[in-house]
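# Structural overview
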Amino acid sequence: MIEKLLPDAVVSAELFGDSVAVLFPEEEEAIANAEDGRRREFTSVRVCARRSLARIGRAPVPLVPGPGGAPGWPPGLVGSMTHCLGYRAAALADAAEVRAVGIDAEPHLPLPAGVEEAIALPSERRRIAELQAAHPLVAWDRLLFSAKESVYKAWYPTGGRLLGFEEAEIELRPDGTFTARVLADPAAAGPDGFTGRWLAGAAHLLTAVVQQVK
């Protein structure tokens, strides 16, 4: 699914479930106290990352989460990982061709009560209501959440700090695209901000932000 949202400059791999792999010692240390579900997510998404690395001729390396949760990619690469119930994926690219990558997957279900109010700006909530009325088969509130997660993952390596939900304004479009304006630090998003694509499957919602080098 995820490759449908990505340009040719970005390679990806995905799993609809879990896979077993031997972790590097540094990765084992990062999840030493994790419960079983978290360990399976952590391991499986790194299987996706290793497959992506292999597709560009790179050897597997430890991918340890940094202070903001983002994995530490090898020098010269940019990338992103995501996992949710029943889905794991990783995407990466050569930093000479792509400035930023952010991907996110969510279950295709409405957000729990009260979450939309916590993550959406008033302008976003108005647009979500309009989209939901016109296209009721898409969980637009959850899609907004996913788009914000993808934007954060693309923004963080340059922005260098956590980005609150209220610090990015997303405009979702029914044609499978969206734009994002980072209110907190527009310069970190580049002069044109972020643009992204989305896909709604029966079980999952996927979003992706890719900023290519001009």
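You'll find the structure just up there.
Residues numbered from 1 in each chain as written. Predicted model: local features only at pLDDT ≥ 70, side-chain atom pairs only at ≥ 80, totals over all residues. Heavy atoms only, no water.

### Observations regarding helix 2 (residues 36-55)
Here helix 2 contains 20 residues, and its C-alpha end-to-end distance of 29 Å stays within 8% of the 28 Å for a straight helix at 1.5 Å per residue. Buried within helix 2 are the following residues: G37, F42, T43, S44, V45, R46, V47, C48, A49, R50, S52 and L53. Check the buried side of helix 2 and you find it contacts strand 1 (10-15), helix 1 (25-30), strand 2 (77-84) and strand 3 (87-94). One side-chain oxygen of the residue at the start of helix 2 lies 2.9 Å from the amide nitrogen of G37, identifying that residue as E35. Of the residues trailing helix 2, G57 is marked for its positive phi of about 80 degrees. (Helix = DSSP H or I, 4+ residues; strand = E, 2+ residues; numbered from the N terminus. Expected span 1.5 Å × (residues − 1). Buried < 20%, exposed > 50% of the residue type's maximum accessible area, 1.4 Å probe, protein only. Contact = heavy atoms within 4.5 Å. Polar contact = N/O pair within 3.5 Å; in protein donor to acceptor, adjacent residues only side chain to side chain.)

### Here we look at the sheet that holds strand 7 (residues 194-200)
What links the strands of a sheet is backbone hydrogen bonding, and the strands pair in either a parallel or an antiparallel sense. If you trace the five strands from one edge of the open sheet to the other, you get 4-8-7-6-5, paired in antiparallel fashion. Two strands close off the open sheet at either side, each with one partner strand: strand 4 (98-107) and strand 5 (168-172). The average undirected angle you get between the axes of adjacent strands in this sheet is 20 degrees. Pairing geometry for strand 5 and strand 6 (residues 177-182), over five bridges, is antiparallel. Among the inter-strand pairings, E169 is bridged to a residue of strand 6, identified as R181. Against the sheet, helix 5 (residues 140-159) contacts strand 4, strand 5, strand 6, strand 7 and strand 8 (204-212), and its axis sits at roughly 150 degrees relative to strand 4. (Pairing = 2+ DSSP bridges. Axes fitted to C-alpha atoms, helices over the stretch in contact; angles between N-to-C directions.)

### Things to note about the packing of aromatic side chains
Summed over the entire model, instances satisfying the criterion amount to four aromatic pairs. With centroids separated by 5.2 Å and ring planes inclined at 75 degrees, the aromatic side chains of W140 and W198 adopt a geometry described as edge-to-face. Residue W140 is found in helix 5, and its partner W198 is found in strand 7; the two are separated by 58 residues along the sequence. The class for W140 is buried, based on a relative accessible area of 0%. A centroid spacing of 5.6 Å and a plane angle of 55 degrees characterise the contact between Y152 and Y156, whose relative ring orientation is tilted. One end of the pair, Y152, and the other, Y156, are both in helix 5, four residues apart, so they sit about a helical turn from each other. (Phe/Tyr/Trp six-rings, centres within 6.5 Å; stacked < 30°, edge-to-face > 60°.)

### Details of the pattern of salt bridges
Here the structure, examined in full by the defined rule, presents 13 salt bridges. Residues E27 and R46 are paired through a salt bridge, measuring 3.9 Å at the closest nitrogen-oxygen approach. Residue E27 is located in helix 1, and its partner R46 is located in helix 2; the two are separated by 19 residues in the primary sequence. For E27, a relative accessible area of 0% puts it in the buried group. Accessibility expressed as a relative area gives 5% for R46, which makes it buried. With a closest N to O distance of 2.6 Å, E169 and R181 form a salt bridge. One end of the pair, E169, is in strand 5; the other, R181, is in strand 6, with 12 residues separating them in the sequence. Residue classification places E169 among the buried positions, given a relative accessible area of 16%. Put simply, D18, D36, R40 and R88 are held in one network by salt bridges that share partners. (Salt bridge = Lys/Arg side-chain N within 4 Å of Asp/Glu carboxyl O.)

### Looking at the pairing of strand 7
In terms of strand pairing, strand 6 meets strand 7 through four bridges, oriented antiparallel. The residue of strand 7 that forms the bridge with F178 is G196. In the sheet, strand 7 pairs with strand 8 via five bridges, with the strands oriented antiparallel. Residue pairing in the sheet places G196 in a bridge with V209 of strand 8.

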